Amino acid sequence: MADEQPTRLRDYGLQSERLLWPTKGPSRFEEELGVDELERALGITTLEKAVRWAQTKSMWPDTFGLACCAIEMMSIVSARYDIARFGMEAFRSSPRQADLLIVSGRVAHKMAAPLRQIYDQMLEPKWVIAMGVCASSGGMFNNYTILQGVDRIVPVDIYVPFCPPRPEALMEGIIRLHEAHQAGVPPAYERVGVAT
Ligand code: SF4
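Below or above, wherever it landed, is the structure these notes cover. From a predicted model like this one, the values you see are computed outputs, not experimental measurements.

What counts, and at which threshold
- Residues numbered from 1 in each chain as written.
- Predicted model: local features only at pLDDT ≥ 70, side-chain atom pairs only at ≥ 80, totals over all residues.
- Heavy atoms only, no water.
- Core = buried A, V, L, I, M, F, W, Y, C linked by side-chain atoms within 4.5 Å.
- Buried < 20%, exposed > 50% of the residue type's maximum accessible area, 1.4 Å probe, protein only.
- Helix = DSSP H or I, 4+ residues; strand = E, 2+ residues; numbered from the N terminus.
- Contact = heavy atoms within 4.5 Å.
- Lys, Arg positive; Asp, Glu negative; His and termini not counted.
- Salt bridge = Lys/Arg side-chain N within 4 Å of Asp/Glu carboxyl O.
- Near = heavy atom within 4 Å.
- Nonpolar A, V, L, I, M, F, W, Y, C, P; charged D, E, K, R; others polar.
- Pairing = 2+ DSSP bridges.
- Axes fitted to C-alpha atoms, helices over the stretch in contact; angles between N-to-C directions.
- Phe/Tyr/Trp six-rings, centres within 6.5 Å; stacked < 30°, edge-to-face > 60°.
- Lys NZ or Arg CZ within 6 Å of the ring centre and 35° of its normal.

## Here's the deal with the nonpolar core
- Core analysis: the largest hydrophobic core is formed by 19 residues, its most contacted members being Ile83, Met88, Leu100, Ile129, Leu170, Ile174 and Leu177.
- Listing elements by their share of this core, those giving two or more residues are α4 (69-74), β3 (100-104), β4 (127-131), β5 (158-160) and α7 (167-182).
- Top element by residues in this core is α7. It accounts for five residues.
- Setting aside chain neighbours within four positions, we find Leu170 in contact with Met73, Ile76, Ile102, Ile129, Met131 and Val160.
- Core analysis: the next-biggest nonpolar cluster, separate from the first, contains 18 residues, Phe64, Ile118, Val128 and Leu147 among them.

## Regarding unusual backbone geometry
- With an omega of 0 degrees, the peptide bond running from Glu124 to Pro125 counts as cis.
- By the element assignment, Pro125 lies in the loop between α5 (109-121) and β4.
- The omega angle of the peptide bond from Cys163 to Pro164 is -15 degrees, so this bond is cis rather than trans.
- Phi angles above zero are rare outside glycine, and Asp82 is one such case at about 55 degrees.
- Looking at the element boundaries, Asp82 is found in the loop between α4 and β3.
- Phi at Phe162 takes a positive value of approximately 90 degrees, unusual for a residue other than glycine.
- Structurally, Phe162 is set in the loop between β5 and α7.
- Judged by relative accessible area, which is 52%, Phe162 ranks as exposed.

## Quick notes on the side chain of Asp62
- Relative to the helices and strands, Asp62 resides in the loop between α3 (47-56) and α4.
- As a buried residue without a salt bridge, Asp62 has its nearest oppositely charged side chain in Arg92, at a separation of 8.3 Å.
- In this structure Asp62 touches Phe91, Arg92, Ser94, Pro95, Ala98, Leu100, Leu101 and Ile118, once residues within four positions along its chain are discounted.

## Section: the site of the ligand
- With respect to spatial proximity, the complete set of residues near the ligand consists of Ala67, Cys68, Cys69, Gly105, Arg106, Val133, Cys134, Phe141, Phe162, Cys163 and Pro164.
- Looking at side-chain class alone, the shell around the ligand contains nine nonpolar, one polar and one charged residues.

## Thoughts on the sheet that holds β4
- Ordered by their spatial adjacency, three strands build an open sheet running β3-β4-β5, and the pairing between neighbours is parallel. Among the strands making up the open sheet, the edge pair consists of β3 and β5. Neighbour to neighbour, the strand axes of the sheet diverge by 15 degrees on average, direction disregarded.
- Bridge count for β4 against β5 is three bridges, and the pairing is parallel. In the strand pairing of β5, Met131 is matched with Val160.
- Each of β3, β4 and β5 is contacted by α7, which is oriented at about 155 degrees to β4, the strand it contacts most.

## Brief notes about the pattern of salt bridges
- Under the definition given, this model contains five salt bridges.
- With a shortest N-O distance of 3.1 Å, Glu168 and Arg166 are connected by a salt bridge.
- For Arg166, a relative accessible area of 47% puts it in the partly exposed group.
- Where Glu179 meets Arg176, a salt bridge forms, and the shortest distance between an N and an O atom there is 3.1 Å. With Glu179 and Arg176 both in helix α7 and three residues apart, this pair spans about one turn of that helix.
- Accessibility expressed as a relative area gives 42% for Glu179, which makes it partly exposed.
- Taken together, the shared-partner salt bridges connect Glu172, Arg176 and Glu179 into one network.

## Notes on the packing of aromatic side chains
- All told, the structure shown has zero aromatic pairs when counted by the stated rule.
- Lying across the ring of Tyr119, Lys126 places its NZ or CZ 4.1 Å from the centre.

Have a look at this one:
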């Protein structure tokens, strides 16, 4: 029967001449170890995974603080929290050298345009963390001066709750961002687009 014949991987659009046996399962060796375990045990990976790993180990934040939350953000470079463990202690003064924008504080309408300009000047891939309730939703500042959520002008990858979030909470957000990127989740601007 035709469907019992081995099929070439290129029939499925893959660049390979290897045969695909529909009934062939993983080998005993692969079953015992599991594919992920096998990758770890042998130290093999794909180029995409290696690049993503490297990007999470050198994610440089932009030097950008808006309000009280910025004090908590600054403390993550101190010896107590030691963001250098992730290769992230180099806060950059130029958005062209930064990957990560931590919006730490309430965003006044007056600051919306400069913030968006900084985001636009950052090179891709780039990520945004909304730190604290004010950056995430306007928080208790439900008035005409404050932007009711920074995601109205830039796509946000991670929201960190609380007022103010402790440095541990920001670290948790950063670790979640690393995990998502290493798992292959695209940056927010690819998923939700950028408002014009
Ligand atoms: S969330 Fe709290 S600490 Fe952060 S900017 Fe708003 S009022 Fe200040």
